[in-house]
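What follows is each chain in one-letter form.
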Amino acid sequence: MPDRLRQVRAGLGLAAQAGLAAGLAWWVADSLLHIAQPVFAPISAVVTLAASVGQRLRRTVELVVGVALGILTGDLLIRAIGVGPWQLGVMVLLAILVAAFIGRSPALVVQAGATAVLVGTLTPLVSNLELPRFADALIGGGAALVVTAVLLPLNPLRLINRSAGPALELLADQLDATAAALRERDAVRARAARDRLRNNKAELGAFGEAAQGAREASTMSPVYWGAREGPLGRYAAAVDPIDRAMRNSGTLIRRTVTLIEDGEPIPAALPAAVSRLAGSVRMLHREFARGAAEPTRTREETERAVAEAGHAYRAGVGFSGAVVVAQVRTAASDLLVATALPQEEANRRVRRAFGSLTPPEPEARGDGPVAD
């Protein structure tokens, strides 16, 4: 029951937007433009709002173009071959082929085919169907955009923060699990972390979609124009480097499994580096969520993770251990870029924090601390 209530609360904003847009579309079409029975105007508004957040402007364009294609194709074929069952099939076939030639969007194809069906079946019964149908699509799509941009815009920072949390927590949790697996030499736990991080499409997809929606909201809604250059802009720009950090952390965890299975040395600084990397991911989420002007604490924690990786490397690691160290550096660079640092500056900070690339001679370093 609590999960269902959370789902209802999460969908409340979309439901309110859809209801307002449907009512607005009907009012404009019926009361202002006096279109008879403008049922497709509110339907078009709801179809537009049903699109993924961040694709509503594109969906509106696809809706209108699809309707225009369906009307044009149906009208031309009715003039050429008349109406009937086989003629309807030909209309739908050609409308969909033309739409597929123009673009591969399912919304465009569906609207073209559905409008061809309406033209082919209703033209004998309803005169002058084409113009009202096209006007309905324009009114419905326009009403949806007005609602989302002006009348009832969603807070883009709240939207993206809600979706970023699961992705960042997934990454941090699996890095923590990997650090524990290194300390305990637990290959089973490391494999579980590897498999869980691989299954990240849902979390990353939601994060990317929310970032796209936040960009759209901050572009279309005057209320949030000022947010584009602040925390919202940094948040949206962080999607790609966080995606790279996910992939590089996946390599880190895979090599951890091999490292443990091969019985390579594990200096105490190695799990400490992975644990601090997890901490920097969580700090990034916290600083983004509160709209920090500069995520300096994330940068500091990330550089500490790199420093621990440097200690581990100089204490002595095997082949897979060296790969884990390298991936800590790479993932750390990705996280620094996610804090809005240029790639060159991120790399410079990583090199500085890591220290010497030359490990001491065996007799100089001794056996080194080992986490068993």
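Residues numbered from 1 in each chain as written. Predicted model: local features only at pLDDT ≥ 70, side-chain atom pairs only at ≥ 80, totals over all residues. Heavy atoms only, no water.

1. Some remarks on the overall build of the protein
Piece 1. Within the protein, the regular secondary structure consists of 16 helices and zero strands.
Piece 2. Expressed as a percentage of its 372 residues, the buried residues of the protein come to 47%.
Piece 3. At a minimum sequence separation of 6, the contacts of the protein that also span at least 24 residues come to 78%.
Piece 4. On the protein, roughly 17600 Å² of surface is accessible, and the fraction owed to carbon and sulfur atoms is 60%. (Helix = DSSP H or I, 4+ residues; strand = E, 2+ residues; numbered from the N terminus. Buried < 20%, exposed > 50% of the residue type's maximum accessible area, 1.4 Å probe, protein only. Contact = heavy atoms within 4.5 Å. Areas by Shrake-Rupley, 256 points an atom, 1.4 Å probe, with all protein chains shown as cover.)

2. Comments concerning the side chain of His 285
Piece 1. Structurally, the position occupied by His 285 is in helix α12 (residues 269–289).
Piece 2. A relative accessible area of 15% places His 285 in the buried class.
Piece 3. Not counting residues up to four positions away in its chain, the partners in contact with His 285 are Asn 161, Gly 165, Leu 168, Glu 169 and Tyr 235.

3. Description of the pattern of salt bridges
Piece 1. Under the criterion given, the structure shown has 16 salt bridges.
Piece 2. The residue Asp 176 makes a salt bridge to Arg 282 at a minimum N-O spacing of 2.5 Å. Residue Asp 176 is located in helix α7 (residues 156–184), and its partner Arg 282 is located in helix α12; the two are separated by 106 residues in the primary sequence.
Piece 3. The partner of Asp 195 in a salt bridge is Arg 194, and the shortest N-O contact between them spans 3.1 Å.
Piece 4. Overall, the relative accessible area of 38% leaves Asp 195 in the partly exposed class. (Salt bridge = Lys/Arg side-chain N within 4 Å of Asp/Glu carboxyl O.)

4. Details of the environment of Ala 99
Piece 1. The topology assignment puts Ala 99 in helix α4 (residues 85–102).
Piece 2. Ala 99 gets classed as buried once you look at its relative accessible area, which sits at 0%.
Piece 3. Counting along the chain gives 37 residues from Ala 99 to Glu 62, while the straight-line C-alpha distance between them is 9.8 Å.
Piece 4. Leaving out residues up to four positions away in the same chain, Ala 99 has contacts with Leu 69, Leu 108, Val 109 and Ala 112.

5. Some details on the confidence of the model for the protein
Piece 1. Put simply, the protein has an average pLDDT of 82, and 84% of its residues get 70 or more.
Piece 2. Counting interchain partners and residues more than four positions distant, the pLDDT-below-50 stretch residues 363–372 has 21 contacts. (pLDDT = per-residue confidence, 0-100.)

6. Digging into a nonpolar patch on the surface
Piece 1. A cluster of nonpolar residues, Leu 20, Val 146, Val 150, Leu 151 and Leu 152, forms a patch on the protein surface that exposes about 390 Å² of accessible area.
Piece 2. The leading source of residues in the nonpolar patch is helix α6 (residues 130–151), at three residues.
Piece 3. Its place among the elements puts Leu 152 in the loop between α6 and α7. (Patch = residues over 30% accessible without salt bridge, like charges linked within 9 Å, V, L, I, M, F, W, Y side chains within 5 Å.)

7. Some remarks on the packing of aromatic side chains
Piece 1. Taken as a whole and judged by the stated rule, the model has one aromatic pair.
Piece 2. Relative to Phe 354, the ring of Tyr 313 has its centre 5.9 Å away and its plane inclined at 45°; by these criteria the two rings are tilted. Here Tyr 313, found in helix α13 (residues 296–315), pairs with Phe 354, found in helix α15 (residues 343–354); they are 41 residues apart in sequence, far enough to count as distant.
Piece 3. A residue is classified by how much of its surface remains accessible, and Tyr 313, at 24% relative accessible area, is partly exposed.
Piece 4. Judged by its relative accessible area of 2%, Phe 354 falls in the buried class.
Piece 5. A cation over an aromatic ring shows up here: Arg 329 above the ring of Phe 354, its NZ or CZ 4.6 Å from the ring centre. (Phe/Tyr/Trp six-rings, centres within 6.5 Å; stacked < 30°, edge-to-face > 60°. Lys NZ or Arg CZ within 6 Å of the ring centre and 35° of its normal.)

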